[in-house]
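# Observations on the model geometry
One-letter residues, chain by chain:
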Amino acid sequence: MRQMIYEWQHVFKLDPDRIISDEALECICLSGTDAVMIGGSSGITYENTVNLLSRVRQYEVPCVLEVSDLEAVVPGFDLYMVPMVLNAASPEWILGRHQLAIEQYGYLIPWELIVPEGYIVLHANSTVARLTGAYTELDASGAAAYAQTADRLFSLPIVYVEYSGTFGDMELVDTVYRSLDKARLFYGGGIMDAVSAKLAASVSDTIIVGNIIYSDLMSALSTVQAVKG
Ligand code: 1GP
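Throughout what follows, the structure given in this document is the object of discussion. This one's a predicted model, so the numbers in the text were calculated from it and none came from an experiment.

### Some details on the site of the ligand
- All residues in the neighbourhood of the ligand are listed as Lys13, Tyr160, Glu162, Ser164, Gly165, Gly188, Gly189, Gly190, Ile208, Gly210 and Asn211.
- Backbone polar atom of Gly190 to an oxygen atom of the ligand: 2.8 Å apart, as the coordinates give it.
- With respect to the ligand, the backbone of Gly210 contributes an N or O atom lying 3.0 Å from an oxygen atom.
- Relative to its unbound accessible surface of 300 Å², the ligand loses 92% to contact with the protein.

### Digging into the pairing of strand β7 (residues 184-188)
- The element β7 is extensively covered by neighbouring structure, given that five of its five residues are classed as buried.
- Neither face of β7 is left uncovered, since the one carrying Arg184, Phe186 and Gly188 and the one carrying Leu185 and Tyr187 both have all their residues buried.
- One ladder, built from five bridges, connects strand β6 (residues 158-162) with β7; its direction is parallel. Residue pairing for β7: Val161 is matched across the bridge by Tyr187.
- Of the crossover connections in this fold, the one passing from β6 over helix α6 (residues 170-179) to the parallel β7 is right-handed.
- As defined by bridge partners, β7 adjoins strand β8 (residues 206-209) across three bridges and the pair is classed as parallel. Across the sheet, Gly188 pairs through a bridge with Ile208, a residue of β8.
- Tracing the backbone out of β7, into helix α7 (residues 194-201) and back to the parallel element β8 gives a crossover that is right-handed.

About the criteria used
Residues numbered from 1 in each chain as written. Predicted model: local features only at pLDDT ≥ 70, side-chain atom pairs only at ≥ 80, totals over all residues. Heavy atoms only, no water. Near = heavy atom within 4 Å. Polar contact = N/O pair within 3.5 Å; in protein donor to acceptor, adjacent residues only side chain to side chain. Areas by Shrake-Rupley, 256 points an atom, 1.4 Å probe, with all protein chains shown as cover. Buried < 20%, exposed > 50% of the residue type's maximum accessible area, 1.4 Å probe, protein only. Helix = DSSP H or I, 4+ residues; strand = E, 2+ residues; numbered from the N terminus. Pairing = 2+ DSSP bridges. Right-handed = clockwise from strand over helix to strand, strands pointing away.

What follows is the structure in structure tokens.
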């Protein structure tokens, strides 16, 4: 199951705390995207997560949970993506919460479905950056060093460059991309049309498209063909 991440070029990220109509959800799930990831940085509950999972499950597209709150971990996803925010101010977001979760619930964890993600959070004015106190003022070599820490020291399968809410510095992302050995590079942030999707896809393995789904569905859908067409 975990192998599927190596084939993903395009992923839509849906926020359980935001409203999406049945029609829009159908367009997303039938768009040809490689996976739907459910996750967000605030307002995630068991109820809104299970509700969105059951709606996405009407379609064949793989559906994965990005775990942000233990209370909202719902059984039945294809994979569970577990972020470790490498440039967080507090170890709580790198491994602290993880250690507590494993101590409490380790016996319940389906380890074969767990995929750790080494996050590098780079948009200072985003919810995730504020929440984790991320050191966002990194230059390309600083970001690449975090990426190599994830890839070479920790053997994480995914490095996720996160610019949530704004389109990132593609030169920096390219430097990070070229610094990796085995890890896949996920890029997310500010992709809003086919042009930005292509640009981001040229410097990463997988692009993640989020916000635009809720403001301009047609543009969101155009990002799939831009990278997979
Ligand atoms: C957010 O990386 C994703 O976690 C996507 O970012 O919402 O800006 O598209 P956007």
